[in-house]
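# Topology and contacts: notes
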Amino acid sequence: MAKRISQKECEALFLQCATPEHVIGHCREVSRVAVKIGEKLNEHGFRLDIGLIRGAGLCHDVLRVEDKHWEAGADLLEHLGYQDEADIVRVHMTYDFHDFSHLNETDIVCLADRLVMENHYVGLDRRIAYILEKAGNDPCSRERISGKKEETRQLMEEIEKNIGQTVDSLFQTKKEKKEEMKNYADF
């Protein structure tokens, strides 16, 4: 079994690296979202390594204040002996999802990162709208981001077919679920 980074070790890295509090909140939420998606998939026959998902999600932006934070973070994790986590961190900014038949832990962590804004699950449309706003009017960036959105949507649809519910529904609050059920009762 490969060495996995623990939550306690990630928290120590946040301190050591002076990771800003808002980035820590983002990392915690990406980890939570990724783990929930991974566990739901495992309930439906997948064999994803939840420890790897948890750790990679938690430390994916540990050095976000650095230039090329994905490279710096991956190098740090490699140095500490967390090769699998480092491999995920290294690609999380530009990752192209695998064909669904080859779904892996990197897909899940990168998906979660595309669904979380700061420390909240916001879903794909809101997250991509925010990224497009930050990209400004650069047509190349906007086209690339729109392509990533479609790629992400396709992955989500495959996951949803396999788990029998929408990814968004996994993260609804009790109040939102109650409102949704009320809407169905109004038909």
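For the structure given in this document, a descriptive report is provided here. Note that the structure is a prediction, hence the values are computed from the model and not measured.

What the protein contains, in helices and strands, is nine helices and two strands. For the protein, the N- to C-terminal ordering of α and β elements is α-α-α-α-α-α-β-β-α-α-α. Here the C-alpha radius of gyration of the protein, 17 Å, is about what a compact globule of 187 residues would show, namely 16 Å. Projected onto its principal axes, the C-alpha positions of the protein cover 55 × 45 × 30 Å. Every one of the 187 residues in the protein was classed for burial, and the buried ones make up 44%. Intrachain contacts of the protein at a sequence separation of at least 6 include 63% that bridge at least 24 residues. Entry remark: accessible area of the protein is about 10500 Å², with carbon and sulfur atoms responsible for 50%.

The next point concerns the environment of Tyr95. The topology assignment puts Tyr95 in the loop between α5 (83–91) and α6 (105–113). Through-space distance from the C-alpha of Tyr95 to that of Cys110 is 7.1 Å; in sequence the pair is 15 residues apart. Once residues within four sequence positions are removed from consideration, Tyr95 is found in contact with Asn104, Thr106, Asp107, Cys110, Arg114, Lys148 and Glu151.

In this section: helix α2 (residues 21–43). Given 3.6 residues per helical turn, the α-helix brings residues three or four places apart onto the same face. Counted at 1.5 Å a residue, the expected span for α2 with its 23 residues is 33 Å, and the 33 Å between its end C-alpha atoms agrees. Once α2 ends, the next one or two residues include Gly45, with phi positive near 100°.

So, about the nonpolar core. Counting 35 residues, the largest nonpolar core has Ile37, Ile108 and Ile159 as the members making the most contacts within it. Listing elements by their share of this core, those giving two or more residues are α2, α3 (50–59), α6, α7 (124–135) and α8 (139–163). Per element, the largest residue contribution to this core is six residues, and it comes from α2. One finds Cys10, Val23, Ile24 and Leu63 within the second-largest nonpolar core, a separate group that totals 18 residues.

On inspection of all chains with the given rule, the structure shows three aromatic pairs. Each ring, one from Phe46 and one from Phe100, has its centre 5.7 Å from the other, and the planes form 70°; the classification is edge-to-face. Separated by 54 residues along the polypeptide, Phe46 in the loop between α2 and α3 and Phe100 in the loop between α5 and α6 bring together distant segments of the chain. Measuring from ring centre to ring centre gives 4.4 Å for Tyr121 and Phe171, while their planes differ by 25°; the resulting arrangement is stacked. Highlighted residues: Tyr121 in strand β2 (residues 120–121) and Phe171 in the loop between α8 and α9 (174–185), separated in sequence by 50 residues. Each member of the pair Tyr121 and Phe171 is classed as buried. Positioned above the aromatic ring of Tyr82, the side-chain terminus of Lys3 is 4.6 Å from the ring centre.

It is possible for side chains of opposite charge to pair when their charged atoms get near one another. One pass over the full model with this rule turns up 16 salt bridges. Between Arg114 and Glu151 there is a salt bridge, with the nearest N and O atoms lying 3.8 Å from each other. Taken as a pair, Arg114 in the loop between α6 and β1 (116–117) and Glu151 in helix α8 lie far apart in primary sequence, 37 residues in all. It is possible to trace a salt-bridge network through shared partners that takes in Arg4, Asp49, Asp84 and Glu85.

A few words now on the environment of Ile88. If you trace the backbone, Ile88 turns up in helix α5. On the basis of relative accessibility, which here comes to 2%, the residue Ile88 falls in the buried class. Considering only alpha carbons, one finds Ile88 and Trp70, 18 residues apart in sequence, at a separation of 9.1 Å. Ignoring any residue separated from it by four or fewer positions in sequence, one finds Ile88 in contact with Leu52, Ala56, Glu105, Thr106 and Val109.

Each value, and the rule that gives it
Residues numbered from 1 in each chain as written. Predicted model: local features only at pLDDT ≥ 70, side-chain atom pairs only at ≥ 80, totals over all residues. Heavy atoms only, no water. Helix = DSSP H or I, 4+ residues; strand = E, 2+ residues; numbered from the N terminus. Rg over C-alpha atoms; globule rule 2.2 N^0.38 Å. Buried < 20%, exposed > 50% of the residue type's maximum accessible area, 1.4 Å probe, protein only. Contact = heavy atoms within 4.5 Å. Areas by Shrake-Rupley, 256 points an atom, 1.4 Å probe, with all protein chains shown as cover. Expected span 1.5 Å × (residues − 1). Core = buried A, V, L, I, M, F, W, Y, C linked by side-chain atoms within 4.5 Å. Phe/Tyr/Trp six-rings, centres within 6.5 Å; stacked < 30°, edge-to-face > 60°. Lys NZ or Arg CZ within 6 Å of the ring centre and 35° of its normal. Salt bridge = Lys/Arg side-chain N within 4 Å of Asp/Glu carboxyl O.

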